[in-house]
Amino acid sequence: MENLNIALIGCGMIGREHIERIQNRIRGAKIVAVCDVFEEGAKKGAEIAGAGTKIYTDFNEAINDPDVNAVVVTTPGQFHKGPVLAAIKAGKPVFSEKPLANTAADGKEIVEAEMAGGKHLVQVGFMRRYDRGYRQVKELIDSGKFGAPMVIKCTHRADGVADDYTTAMAVTDTAIHEIDVLPWLVNDEWDEVQCIMPKTNSKVKNALKDPQIMIMKTKGGIINMLEVNVNCGFGYDINCEVVCENGVVNLPCPSFPTVRYANEVSTKIEDNWILRFIDSYDVEIQDWVDHALKGETGGSSAWDGYVASITADALVKSQTSGVPEKVVTGGTPDFYKK
Ligand SMILES: NC(=O)C1=CN([C@@H]2O[C@H](COP(=O)(O)OP(=O)(O)OC[C@H]3O[C@@H](n4cnc5c(N)ncnc54)[C@H](O)[C@@H]3O)[C@@H](O)[C@H]2O)C=CC1
Ligand SMILES: O=C1[C@H](O)[C@H](O)[C@@H](O)[C@H](O)[C@H]1O
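The rules behind these values
- Residues numbered from 1 in each chain as written.
- Chains lettered and ligands numbered in written order.
- Predicted model: local features only at pLDDT ≥ 70, side-chain atom pairs only at ≥ 80, totals over all residues.
- Heavy atoms only, no water.
- Pairing = 2+ DSSP bridges.
- Helix = DSSP H or I, 4+ residues; strand = E, 2+ residues; numbered from the N terminus.
- Contact = heavy atoms within 4.5 Å.
- Axes fitted to C-alpha atoms, helices over the stretch in contact; angles between N-to-C directions.
- Near = heavy atom within 4 Å.
- Polar contact = N/O pair within 3.5 Å; in protein donor to acceptor, adjacent residues only side chain to side chain.
- Areas by Shrake-Rupley, 256 points an atom, 1.4 Å probe, with all protein chains shown as cover.
- Nonpolar A, V, L, I, M, F, W, Y, C, P; charged D, E, K, R; others polar.
- Left-handed = near helix turned anticlockwise from the far one by under 90°.
- Buried < 20%, exposed > 50% of the residue type's maximum accessible area, 1.4 Å probe, protein only.
- Right-handed = clockwise from strand over helix to strand, strands pointing away.
- Expected span 1.5 Å × (residues − 1).
- Bend = angle between axes of the 7 residues up to and from the residue.
- Core = buried A, V, L, I, M, F, W, Y, C linked by side-chain atoms within 4.5 Å.
- UniProt positions renumbered as here; feature names shortened; annotations may be inferred.
- Parallel < 35°, antiparallel > 145°, perpendicular 65-115°, else oblique.

A. View of the sheet that holds strand S4 (residues 70-73). Taking strand neighbours across the sheet as the criterion, the seven strands line up as S3-S2-S1-S4-S5-S6-S15 in an open arrangement whose pairing is mixed. Among the strands making up the open sheet, the edge pair consists of strand S3 (54-56) and strand S15 (300-301). Inspection of the sheet shows S4 paired to strand S5 (residues 94-97) by three bridges, in the parallel sense. Looking at S5, one finds that Val71 is bridged to Val94. Along the sheet, helix H1 (residues 13-24) makes contact with strand S1 (4-9), strand S2 (29-35), S4 and S5, crossing S2 at roughly 150°.

Here it is, written out as structure tokens:
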């Protein structure tokens, strides 16, 4: 393939972000068609993509357009399976935003379809693997200088979520980033996970339980403590500290000026995920395009996405059981072994 001619499915918040970056900053690819169940949404996507962009409201029609040779899926997680399976059936490379699917059952269908087709076509949008800070942490850990990782402490904090955000989404939509990136960071796999509910924030006006504490243990014995806190009140605050045998490695915070003013010293915390990881989205999408043009996939595979969904299912189960739940994947199929 000379160029990816992409159909983007789901012209919402991140769909429009990806249209803008693909049209303006990504080499070797362009959006030629956009699709949204709401025609108005598709028209908004087409406006960003530019003149001549085809508009669809049916993802099968968009994906099977003969001018389309690649697919980006940016529908809500529970609606990823349809377009991803359609892209696999059409033999076209597909970038699916995270999560691959909201349940392990849906993820399994995708993995089985990709293996049956015999071609690696699916990449999942876990962009933290492309984030400069996470890659710096991984490089230091992989150097061996600090010894083996033993404990990880993370926060995933945001300042407010949509009204339809649920207790389960704290796992399937939010913690799913740590579920994917941490095993990659420390070269291990999840074994057992537990969700513990502290006192709920009095700002929460619906059934949402927030914050949540997720204790996750790897097969190698590393224990991670993750605080998911989506009503923190002060910004979008992502932290990751890896405690090793001879030292501690911390994820760098985005750099902002330190201001001294009126007897105070202060710096800034990002407002949201768009700005906090803006560079990593560009690196991730460019890597997907570069690989797809060679008939390959980079980043997180469909199997990585499926394992993340298996882990998420276990954590959601623990949200009600309150006890540790095992993460059972059955082992990596040869098709996905690197
Ligand atoms: N990597 C990251 O940091 C982020 C990833 N995401 C992921 O991106 C995906 C989309 O999230 P948002 O943009 O926030 O959602 P959104 O709700 O803003 O947009 C989703 C769009 O998909 C459309 N849609 C729904 N079902 C469809 C179907 N069957 N066919 C075509 N269009 C359909 C909706 O009409 C809507 O316009 C989710 O999987 C989410 O987890 C979202 C935010 C950040
Ligand atoms: O994917 C995302 C964002 O990247 C944020 O990390 C989360 O807080 C949000 O819930 C989710 O949509």
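B. Quick look at the site of ligand 1. Surrounding ligand 1, one finds 24 residues, the nearest of these being Ile14, Asp36, His80, Lys98 and Tyr281. Val37 is positioned with one of its backbone polar atoms (N or O) 3.4 Å from a nitrogen atom of ligand 1. One nitrogen or oxygen atom from the side chain of Tyr281 is found 2.6 Å from an oxygen atom belonging to ligand 1. Taking 850 Å² as the accessible area of ligand 1 by itself, protein coverage stands at 81%. Put simply, the parts of the chain that give the shell around ligand 1 at least two residues each are H1 and helix H7 (169-186). Its residues assigned to classes, the shell around ligand 1 comprises 12 nonpolar, eight polar and four charged.

C. Spotlight on the site of ligand 2. All residues adjacent to ligand 2 are Lys98, Arg128, His156, Asp173, Thr174, His177, Tyr236 and Trp273. Here an oxygen atom of ligand 2 and a side-chain polar atom of Thr174 are 2.8 Å apart. Surface burial for ligand 2 is 84%, taken as the share of its 310 Å² of free accessible area covered by protein chains. Class assignment of the residues belonging to the shell around ligand 2 gives a composition of two nonpolar, three polar and three charged.

D. Structural detail: the packing of H1 against helix H9 (residues 278-292). Between H1 and H9, whose axes approach to 11 Å, the crossing angle comes to 65°. Considering how the two elements wind past one another, H1 and H9 form a crossing that is right-handed. Together, Ile14, His18, Arg21 and Ile22 of H1 and Ile278, Tyr281, Asp282 and Ile285 of H9 make up the contact between the two elements.

E. Broad picture of the pairing of S5. Residues Val94 and Ser96 of S5 are buried on one face, and the alternating residues Phe95 and Glu97, pointing to the opposite face, are buried as well. The handedness of the S4 to S5 crossover, carried by helix H4 (residues 81-90), is right-handed. Relative to strand S6 (residues 122-125), S5 is paired through four bridges, and the arrangement is parallel. Directly across from Val94, in S6, lies its bridge partner Val122.

F. Quick look at H7. In this model H7 runs 25 Å from its N-terminal to its C-terminal C-alpha over 18 residues, within 8% of the 26 Å that 1.5 Å per residue would give. Along H7, the largest kink reaches about 60° and is centred on Ala175. Two residues or fewer past H7, Asn187 is found with a positive phi of approximately 55°.

G. Representation of the sheet that holds strand S11 (residues 237-244) within the structure. As summarised here, the arrangement of the seven strands in space is S12-S11-S7-S10-S9-S8-S16, forming an open sheet in which the pairing is mixed. Each edge of the sheet is formed by a strand with only one pairing partner; in this case those strands are strand S12 (248-250) and strand S16 (325-326). Of the pairings in the sheet, the one linking S11 to S12 comprises three bridges and is antiparallel in character. Following the sheet pairing, Val243 is matched in S12 by Val248.

H. Spotlight on the nonpolar core. Of all hydrophobic cores here, the largest spans 72 residues; its most connected members are Val122, Ile179, Leu185, Met214, Cys240 and Val242. The biggest single contributor to this core is H7, with nine residues. Apart from the residues lying within four places of it in its own chain, the contact partners of Val242 are Val137, Ile141, Pro149, Val151, Ile152, Leu185, Val186, Gly247, Val248 and Val249.

I. Broad picture of the UniProt feature "domain: Gfo/Idh/MocA-like oxidoreductase N-terminal" (unreviewed entry) in the protein. UniProt tags residues 4-125 as "domain: Gfo/Idh/MocA-like oxidoreductase N-terminal" (unreviewed entry). Taken end to end, residues 4-125 is 43% helix and 23% strand, and its first and last C-alpha atoms sit 17 Å apart.

J. Region of interest: the packing of helix H5 (residues 104-117) against helix H10 (residues 302-321). Closest axis-to-axis distance for the H5/H10 pair is 8 Å, and the angle between their directions is 160°. Comparing their axes, H10 and H5 come out roughly antiparallel. Relative to H10, H5 is oriented so that their crossing is left-handed. Each of Ala104, Gly107, Lys108, Ile110, Val111 and Glu114 in H5 lies in contact with H10, whose residues at this interface are Ala302, Trp303, Tyr306, Ser309, Ile310 and Asp313. Looking at side-chain class alone, the contact of H5 with H10 contains seven nonpolar, two polar and three charged residues.

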